[in-house]
Amino acid sequence: EFSVGTYTPDAGRTAIFSGDRGPQLRMEFDVLPLRIPYVGMLGAGFSFSWVKLDGKLCATATCDENDSLDDSGRLRLFPLAPLAVLRVDVLARELGIPIVLTGKIGPDIIRYDVDGGSSTGSGTVYGLRWAAQVALELDFISPRRAASLDADWGINHSYLLFELMGSNITSGTDFGDSLTWTVGLGLTF
(Lines give C-alpha, C1' and ligand atoms only; values in the text may rest on other atoms or scores of the structure.)
Protein backbone atom coordinates (compact mmCIF):
# COMPACT_ATOMS: atom_id res chain seq x y z
CA GLU A 1 0.00 0.00 0.00
CA PHE A 2 1.13 3.52 -0.81
CA SER A 3 -0.86 6.40 0.66
CA VAL A 4 -0.76 10.07 1.63
CA GLY A 5 -2.72 11.94 4.28
CA THR A 6 -2.63 14.39 7.14
CA TYR A 7 -0.82 14.20 10.46
CA THR A 8 -1.29 16.64 13.33
CA PRO A 9 0.65 15.90 16.51
CA ASP A 10 -1.47 16.46 19.60
CA ALA A 11 -1.00 18.91 22.45
CA GLY A 12 1.89 21.40 22.41
CA ARG A 13 3.39 20.45 19.04
CA THR A 14 0.11 21.40 17.35
CA ALA A 15 0.41 24.90 18.78
CA ILE A 16 4.06 25.23 17.78
CA PHE A 17 3.41 24.05 14.23
CA SER A 18 -0.13 25.40 13.96
CA GLY A 19 -1.65 25.22 10.50
CA ASP A 20 0.78 22.57 9.20
CA ARG A 21 -0.88 19.15 8.86
CA GLY A 22 1.91 17.24 7.17
CA PRO A 23 1.75 15.62 4.69
CA GLN A 24 2.11 12.07 5.89
CA LEU A 25 3.55 9.69 3.30
CA ARG A 26 2.94 6.05 4.21
CA MET A 27 3.98 2.66 2.87
CA GLU A 28 2.79 -0.67 4.22
CA PHE A 29 3.60 -4.30 3.44
CA ASP A 30 1.26 -7.07 4.61
CA VAL A 31 1.69 -10.83 4.53
CA LEU A 32 -1.63 -12.66 4.88
CA PRO A 33 -0.97 -16.43 4.95
CA LEU A 34 -4.15 -17.58 6.73
CA ARG A 35 -7.55 -17.67 5.02
CA ILE A 36 -10.61 -17.85 7.24
CA PRO A 37 -13.46 -19.31 5.15
CA TYR A 38 -16.29 -16.85 4.43
CA VAL A 39 -14.46 -14.06 6.31
CA GLY A 40 -11.09 -13.15 4.85
CA MET A 41 -7.37 -13.29 5.51
CA LEU A 42 -5.31 -12.98 8.68
CA GLY A 43 -1.65 -12.05 8.90
CA ALA A 44 0.92 -9.44 9.81
CA GLY A 45 2.12 -6.18 8.33
CA PHE A 46 4.66 -3.40 8.72
CA SER A 47 3.86 0.28 8.21
CA PHE A 48 6.40 3.08 7.70
CA SER A 49 5.47 6.77 7.48
CA TRP A 50 7.28 10.05 7.02
CA VAL A 51 5.88 13.37 8.29
CA LYS A 52 7.44 16.85 8.14
CA LEU A 53 5.96 19.90 9.84
CA ASP A 54 7.30 23.46 9.53
CA GLY A 55 6.24 26.51 11.53
CA LYS A 56 7.11 29.46 13.71
CA LEU A 57 8.37 28.57 17.14
CA CYS A 58 6.52 29.81 20.21
CA ALA A 59 7.57 30.86 23.67
CA THR A 60 4.69 28.93 25.30
CA ALA A 61 2.52 25.92 24.43
CA THR A 62 -0.58 28.11 23.95
CA CYS A 63 1.19 29.97 21.10
CA ASP A 64 -1.00 33.06 20.72
CA GLU A 65 0.22 36.13 18.80
CA ASN A 66 2.11 37.49 21.81
CA ASP A 67 4.11 34.26 22.20
CA SER A 68 5.23 33.91 18.57
CA LEU A 69 8.98 34.00 18.01
CA ASP A 70 10.79 34.91 14.82
CA ASP A 71 12.58 31.54 14.73
CA SER A 72 11.28 28.84 12.42
CA GLY A 73 11.27 25.19 13.37
CA ARG A 74 10.97 21.82 11.72
CA LEU A 75 9.63 18.57 13.13
CA ARG A 76 10.22 15.30 11.27
CA LEU A 77 8.46 12.14 12.39
CA PHE A 78 9.09 8.56 11.29
CA PRO A 79 6.17 6.43 12.58
CA LEU A 80 6.79 2.66 12.38
CA ALA A 81 4.30 -0.06 13.27
CA PRO A 82 4.42 -3.86 13.14
CA LEU A 83 0.74 -4.82 12.84
CA ALA A 84 -1.66 -7.73 13.17
CA VAL A 85 -3.96 -7.52 10.11
CA LEU A 86 -7.44 -8.93 9.42
CA ARG A 87 -8.64 -8.31 5.85
CA VAL A 88 -12.36 -9.08 5.43
CA ASP A 89 -12.82 -9.72 1.71
CA VAL A 90 -15.97 -11.87 1.81
CA LEU A 91 -18.01 -9.16 0.04
CA ALA A 92 -15.61 -9.12 -2.93
CA ARG A 93 -14.93 -12.88 -3.10
CA GLU A 94 -18.36 -14.36 -2.31
CA LEU A 95 -20.90 -11.64 -3.20
CA GLY A 96 -19.25 -9.72 -6.04
CA ILE A 97 -19.34 -6.40 -4.13
CA PRO A 98 -15.86 -4.81 -4.66
CA ILE A 99 -15.43 -3.64 -1.05
CA VAL A 100 -12.71 -4.94 1.29
CA LEU A 101 -12.59 -4.00 4.99
CA THR A 102 -9.38 -4.25 6.99
CA GLY A 103 -8.60 -3.90 10.69
CA LYS A 104 -5.08 -3.46 12.10
CA ILE A 105 -3.53 -3.20 15.54
CA GLY A 106 0.03 -3.20 16.87
CA PRO A 107 2.80 -1.29 18.63
CA ASP A 108 3.39 2.29 17.47
CA ILE A 109 7.01 3.50 17.38
CA ILE A 110 7.70 7.11 16.43
CA ARG A 111 11.24 8.33 15.84
CA TYR A 112 11.32 12.14 15.89
CA ASP A 113 13.76 14.91 15.05
CA VAL A 114 13.17 18.58 16.03
CA ASP A 115 15.22 21.49 14.65
CA GLY A 116 14.90 25.13 15.63
CA GLY A 117 15.54 27.31 18.65
CA SER A 118 15.95 25.55 21.98
CA SER A 119 13.71 22.68 20.79
CA THR A 120 16.50 20.88 18.91
CA GLY A 121 16.66 17.18 19.68
CA SER A 122 15.59 13.69 18.71
CA GLY A 123 14.28 10.55 20.30
CA THR A 124 11.77 7.72 20.14
CA VAL A 125 8.33 7.33 21.73
CA TYR A 126 6.14 4.21 21.97
CA GLY A 127 2.44 3.40 22.11
CA LEU A 128 -0.34 1.35 20.53
CA ARG A 129 -1.71 1.92 17.01
CA TRP A 130 -5.04 0.87 15.51
CA ALA A 131 -6.35 1.33 11.97
CA ALA A 132 -9.55 0.70 10.04
CA GLN A 133 -9.50 0.65 6.24
CA VAL A 134 -12.14 0.61 3.52
CA ALA A 135 -10.90 -0.34 0.04
CA LEU A 136 -12.58 -0.36 -3.36
CA GLU A 137 -11.21 -3.19 -5.54
CA LEU A 138 -10.67 -1.95 -9.08
CA ASP A 139 -10.96 -5.33 -10.82
CA PHE A 140 -14.59 -4.69 -11.81
CA ILE A 141 -13.62 -1.73 -14.04
CA SER A 142 -11.95 -4.01 -16.57
CA PRO A 143 -11.94 -7.70 -15.62
CA ARG A 144 -9.90 -8.54 -18.74
CA ARG A 145 -7.12 -6.09 -17.79
CA ALA A 146 -7.24 -7.26 -14.17
CA ALA A 147 -6.74 -10.87 -15.37
CA SER A 148 -3.89 -9.70 -17.60
CA LEU A 149 -2.18 -7.94 -14.66
CA ASP A 150 -2.51 -11.13 -12.65
CA ALA A 151 -1.10 -13.33 -15.44
CA ASP A 152 1.73 -10.99 -16.50
CA TRP A 153 2.81 -9.38 -13.23
CA GLY A 154 1.25 -11.49 -10.48
CA ILE A 155 -0.93 -8.59 -9.26
CA ASN A 156 -4.07 -10.37 -8.04
CA HIS A 157 -6.02 -7.22 -7.15
CA SER A 158 -5.58 -3.45 -7.11
CA TYR A 159 -7.62 -1.12 -4.94
CA LEU A 160 -8.17 2.45 -3.81
CA LEU A 161 -8.12 2.79 -0.04
CA PHE A 162 -9.19 5.12 2.73
CA GLU A 163 -7.71 4.46 6.16
CA LEU A 164 -8.34 5.96 9.60
CA MET A 165 -5.51 5.50 12.08
CA GLY A 166 -5.18 6.32 15.73
CA SER A 167 -2.58 6.01 18.44
CA ASN A 168 -2.47 6.22 22.21
CA ILE A 169 1.11 7.47 21.94
CA THR A 170 -0.30 10.94 22.60
CA SER A 171 -0.57 10.34 26.34
CA GLY A 172 2.51 11.88 27.92
CA THR A 173 4.10 13.02 24.63
CA ASP A 174 3.29 15.48 21.87
CA PHE A 175 4.27 13.41 18.83
CA GLY A 176 1.35 11.03 18.27
CA ASP A 177 -1.86 11.76 16.38
CA SER A 178 -4.96 10.36 18.10
CA LEU A 179 -6.84 10.29 14.76
CA THR A 180 -5.45 10.74 11.25
CA TRP A 181 -6.31 9.52 7.76
CA THR A 182 -4.67 8.52 4.49
CA VAL A 183 -5.87 7.73 0.96
CA GLY A 184 -3.92 5.71 -1.55
CA LEU A 185 -3.42 2.72 -3.78
CA GLY A 186 -2.91 -0.90 -2.80
CA LEU A 187 -1.79 -3.97 -4.71
CA THR A 188 -2.26 -7.61 -3.74
CA PHE A 189 0.25 -10.14 -5.07
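Note: the structure precedes this text.
So, here's what we can say about the structure.

Reading the values: rules and limits
- Residues numbered from 1 in each chain as written.
- Predicted model: local features only at pLDDT ≥ 70, side-chain atom pairs only at ≥ 80, totals over all residues.
- Heavy atoms only, no water.
- Helix = DSSP H or I, 4+ residues; strand = E, 2+ residues; numbered from the N terminus.
- Buried < 20%, exposed > 50% of the residue type's maximum accessible area, 1.4 Å probe, protein only.
- Contact = heavy atoms within 4.5 Å.
- Areas by Shrake-Rupley, 256 points an atom, 1.4 Å probe, with all protein chains shown as cover.
- Pairing = 2+ DSSP bridges.
- Polar contact = N/O pair within 3.5 Å; in protein donor to acceptor, adjacent residues only side chain to side chain.
- Phe/Tyr/Trp six-rings, centres within 6.5 Å; stacked < 30°, edge-to-face > 60°.
- Salt bridge = Lys/Arg side-chain N within 4 Å of Asp/Glu carboxyl O.
- Core = buried A, V, L, I, M, F, W, Y, C linked by side-chain atoms within 4.5 Å.

It is worth spelling out the overall build of the protein chain at this point. Counting its regular elements, the protein chain contains three helices and eight strands. By residue count, 41% of the 189 residues in the protein chain fall in the buried class. Of the contacts made within the protein chain by residues no fewer than 6 positions apart, 64% connect residues no fewer than 24 positions apart. About 9,900 Å² of surface is accessible on the protein chain, with carbon and sulfur atoms providing 64% of the total.

Our next topic: the pairing of strand β7 (residues 157-167). For β7, the tally of buried residues reaches eight of eleven residues, placing the bulk of the element in the interior. One ladder, built from nine bridges, connects strand β6 (residues 121-137) with β7; its direction is antiparallel. Counterpart to Arg 129 in the pairing with β7 is Ser 167. Judged from the nine bridges that link them, β7 and strand β8 (residues 180-188) form a sheet pairing that is antiparallel. Note that in β8 the partner of Glu 163 across the bridge is Thr 182.

Here we take up the environment of Leu 86. Mapped onto the fold, Leu 86 is located in strand β4 (residues 68-88). Overall, Leu 86 belongs to the partly exposed group, its relative accessible area being 32%. In this structure, the C-alpha to C-alpha distance between Leu 86 and Leu 101, residues 15 residues apart in sequence, is 8.4 Å.

Turning our attention to helix α3 (residues 143-153). Little of α3 is tucked away: one of the eleven residues are buried. Count one or two residues on from α3 and you reach Gly 154, which has phi positive near 80 degrees.

Mapped onto the elements of the fold, Lys 104 is located in strand β5 (residues 99-115). On the basis of relative accessibility, which here comes to 5%, the residue Lys 104 falls in the buried class. Within polar-contact distance, the side chain of Lys 104 engages the side chain of Glu 1 at 3.3 Å. At 2.8 Å, the side chain of Lys 104 forms a polar contact with the side chain of Glu 163. Aside from chain neighbours lying at most four places away, what touches Lys 104 is Glu 1, Arg 26, Glu 28, Asp 30, Leu 83, Ala 84, Val 85, Arg 129, Trp 130, Ala 131, Gln 133 and Glu 163.

Let's shift gears to the packing of aromatic side chains. All chains considered together, the criterion is met by one aromatic pair. On the basis of an interplanar angle of 25 degrees and a centroid distance of 6.5 Å, the ring pair of Phe 162 and Trp 181 is categorised as stacked. With a gap of 19 residues between them, Phe 162 in strand β7 and Trp 181 in strand β8 connect regions that are remote in the sequence.

All right, on to the side chain of Arg 26 then. Among the structural elements, Arg 26 can be located in strand β2 (residues 24-36). A distance of 2.6 Å separates a polar atom in the side chain of Arg 26 from a polar atom in the side chain of Glu 28. Excluding residues within four positions of it along the chain, Arg 26 makes contact with Glu 1, Phe 2, Ser 3, Ser 47, Phe 48, Ser 49, Lys 104, Gln 133, Leu 161, Glu 163, Met 165 and Thr 182.

One pass over the structure, following the stated rule, counts 13 salt bridges. Across the pair Arg 26 and Glu 28 runs a salt bridge whose closest N-O atoms are separated by 2.6 Å. For Arg 26, a relative accessible area of 4% puts it in the buried group. Among the salt bridges present, the one from Asp 30 reaches Arg 87, with a minimum N-O distance of 3.3 Å. Of this pair, Asp 30 sits in strand β2 while Arg 87 sits in strand β4; the two residues are 57 residues apart in sequence, bridging distant segments of the chain. Taking relative accessible area as the criterion, Arg 87 reaches 7% and is therefore assigned buried.

Moving on, we come to the nonpolar core. As a rule of thumb, soluble globular proteins bury nonpolar side chains together. Among the nonpolar cores identified, the biggest contains ten residues, and these are Tyr 7, Val 51, Leu 53, Leu 75, Leu 77, Ile 110, Tyr 112, Val 114, Val 125 and Ile 169. If you list the elements that add at least two residues to this core, you get β3 (40-58), β4 and β5. Examining the composition of this core, we find that three residues originate from one element, β5, more than from any other.

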